[in-house]
Amino acid sequence: MKRWNGWGDDAIEFALNADALAFLGERLGPASAGAETSHADACARIGGSRLPPHPLVDTSAAARLANALGQSLPDWLRLRYGKIDTAPDGVAYPESGEEVRELLDFAARSGAIVIPYGGGTSVAGHVGVEAGAAPVLTINLTRMRALIDLDKEAQLATFGAGVLGPDLEAQLRAFGYTLGHFPQSFEYSTLGGWVVTRSSGQQSLRYGRIEQLFAGGRVETPAGTLDLPTFPASAAGTDLREIVLGSEGRLGILTEATVRVSRLPQYEAFHAVFFPDWEAAAAATRELAQAKLPLSMLRLSNPIETLTMLTLAGHKRLIGALETWLRWRGCADGKCMLMIGASGTAANAKHALRAALAIARTGGGVHVGRTMGDKWKQNRFRNVYLRNAAWEHGYAIDTVETAVDWPGVTPMMHALEEAATQAMAACGERVHAYTHLSHLYAQGASVYTTFVYRLSGNYEEDLQRWRRLKSTVSEAIIVNGGTISHQHGVGTDHAPYLASEKGLLGMSAMRTLFRHFDPDGRMNPGKLVSP
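Residues numbered from 1 in each chain as written. Predicted model: local features only at pLDDT ≥ 70, side-chain atom pairs only at ≥ 80, totals over all residues. Heavy atoms only, no water.

1. Overview of the overall build of the protein chain
(1) Moving on: Within the protein chain, the secondary structure is distributed over 19 helices and 18 strands.
(2) Moving on: Relative to the 2.2 N^0.38 estimate, which gives 24 Å for 531 residues, the radius of gyration of the protein chain is 23 Å and therefore close to what a compact globule would have.
(3) Moving on: Dimensions of the protein chain, computed from C-alpha atoms along their principal axes, come out at roughly 70 × 55 × 45 Å.
(4) Moving on: Burial statistics for the protein chain: of 531 residues in total, 56% are counted as buried. (Helix = DSSP H or I, 4+ residues; strand = E, 2+ residues; numbered from the N terminus. Rg over C-alpha atoms; globule rule 2.2 N^0.38 Å. Buried < 20%, exposed > 50% of the residue type's maximum accessible area, 1.4 Å probe, protein only.)

2. Focus: the sheet that holds strand 5 (residues 147-151)
(1) Moving on: Taking strand neighbours across the sheet as the criterion, the five strands line up as 5-6-10-8-9 in an open arrangement whose pairing is antiparallel. Edge positions in the sheet fall to strand 5 and strand 9 (224-228), since each of these pairs with one other strand and no more. Pairwise comparison of adjacent strand axes, ignoring direction, gives a mean angle of 10 degrees for this sheet.
(2) Moving on: In this fold helix 5 (residues 97-110) packs onto strand 8 (214-221), strand 9 and strand 10 (253-260), with an angle of close to 40 degrees to the strand it touches most, strand 8.
(3) Moving on: Along the sheet, helix 6 (residues 165-173) makes contact with strand 5 and strand 6 (156-160), crossing strand 6 at roughly 140 degrees. (Pairing = 2+ DSSP bridges. Axes fitted to C-alpha atoms, helices over the stretch in contact; angles between N-to-C directions. Contact = heavy atoms within 4.5 Å.)

3. Re the state of the cysteines
(1) Moving on: Scanning the model with the defined rule gives zero disulfides in all.
(2) Moving on: This cysteine, Cys-336, is not joined by any disulfide, and Cys-331 carries the nearest cysteine sulfur, 9.0 Å off. (Disulfide = S-S within 2.5 Å.)

4. Observations concerning the pattern of salt bridges
(1) Moving on: One pass over the structure, following the stated rule, counts 23 salt bridges.
(2) Moving on: The partner of Glu-13 in a salt bridge is Arg-3, and the shortest N-O contact between them spans 3.4 Å. Remark: Arg-3 occurs in the segment before helix 1 (18-28) and Glu-13 occurs in the segment before helix 1; sequence separation between them is ten residues.
(3) Moving on: Taking the relative accessible area as the measure of exposure, Glu-13 reaches 53% and is therefore exposed.
(4) Moving on: A salt bridge links Arg-27 to Glu-26, with the nearest nitrogen and oxygen atoms 3.6 Å apart.
(5) Moving on: In this structure Arg-27 comes out as partly exposed when scored by relative accessible area, which is 27%.
(6) Moving on: In this structure, a network of salt bridges that share partners links the residues Arg-198, Arg-209, Glu-211 and Glu-242. (Salt bridge = Lys/Arg side-chain N within 4 Å of Asp/Glu carboxyl O.)

Laid out in structure tokens, this is it:
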């Protein structure tokens with residue numbers, strides 16, 4: 001069963017071993033878990049519904065709580081501490097575009113705000129309910145999950161937009177195809193959510209980001225239905241797909257999405273390479289990205305993340321032997337790990353791996369084979385469960401991500417980690433910050449930083465710590481020329497910084513566009529752009 005106040009399936013544990021706890025205690029100080037609100041008490045805090053009855057709308061407290069929040073740290077704080085001051089007044093689970101249309105009309109008659117909801121995996125405040133006089137209807141799309149059509153000749157697949165990642169891949173795999181879009185939230189996020197937040201999967205180097213995969217679809221808006229036909233390419237004016245991509249529910253609800261699929265790879269492998277220091281690792285990784293080899297993934301961890309990953313891995317004797325051997329090869333305390341993946345036909349993938357490993361060796365890399373890569377693939381959707389384990393021991397884990405051109409990558413990494421250190425020092429606390437480059441381009445890279453710090457056990461204090469951390473690192477992103485989001489979207493958490501990237505004229509254009517499709521401002525207000 002899905003956890004109501006944390007990540008993922010409540011039957012799955014990803015425990016912190018004794019060495020990992022000692023590691024965190026040494027860097028951050030001892031911590032302990034605080035008291036938490038029970039599910040029954042959280043439901044009891046939800047007031048009565050302000051919506052009139054409708055056969056498609058569930059107004060029970062349990063349904064409203066389950067669809068009230070996402071997975072951002074402020075969402076967790078509200079759930080764990082029982083601060084459920086706002087929730088939708090009702091939740092609908094449509095099974096067709098016609099029912100979505102009916103629900104939008106019902107919301108208009110009722111004066112209700114509408115929040116689209118998929119897997120609830122947002123870490124940027126996309127699905128939360130703002131306090132206000134108007135009732136709120138959340139439309140959960142996860143019953144719209146069928147494979148509607150598969151055109152094998154064109155390699156196009158059309159799905160209901162509420163399909164979860166594993167269901168989507170299973171339906172395609174039955175016919176020998178894959179979408180190849182694997183964000184860390186893959187198990188619980190939806191196709192529609194990927195589109196409207198401009199998601200990026202872990203193997204985007206081969207398959208592309210969602211904007212390369214999204215070919216067309218259908219959107220139900222308050223002003224009517226927007227159909228997006230598919231073309232291999234078009235020069236016919238503005239690409240209307242771009243209006244939907246990154247729209248975050250502000251113009252309507254994506255009900256169907258057609259995506260470009262690929263044949264299942266005959267061969268897939270992930271290999272680990274260690275470099276003696278960050279400078280050598282970053283230079284070799286840039287050369288690999290600019291060589292444009294047909295790889296599926298490049299993922300580079302900085303020294304602190306490499307140390308953290310090896311500590312969390314367990315298998316102390318095996319990791320100790322690996323570290324001894326790497327030290328002998330010149331990769332000691334400042335070493336960095338690069339993961340290289342290739343997918344496709346056996347001949348092409350193996351050729352790409354050989355070429356990539358040759359470049360890595362020239363840059364000082366030490367190849368350690370595919371054992372660590374196989375382990376990474378096995379756990380790539382489970383590592384996020386560490387958030388649950390850390391919380392249970394009194395620690396919070398949060399992240400921030402951006403993208404910047406190559407000259408700014410290393411300065412951005414240092415700026416984010418230093419900003420986090422200063423923010424937590426102002427709270428009298430320490431932070432364990434580490435970074436990786438998760439998506440690589442010839443032009444630059446994404447910079448993804450994780451922060452671990454102690455919880456106080458008090459809601460107001462923990463919220464204040466998060467606010468200080470979030471604002472300080474977000475300002476560092478802007479100052480250092482990065483985008484406010486490479487893959488998580490904007491929501492409410494990043495909205496204050498969007499104007500720095502888009503400019504006043506750009507912000508005005510976005511507002512005008514949303515107003516055209518949603519004249520009354522009902523669709524997910526407060527997210528992405530302010531009124």
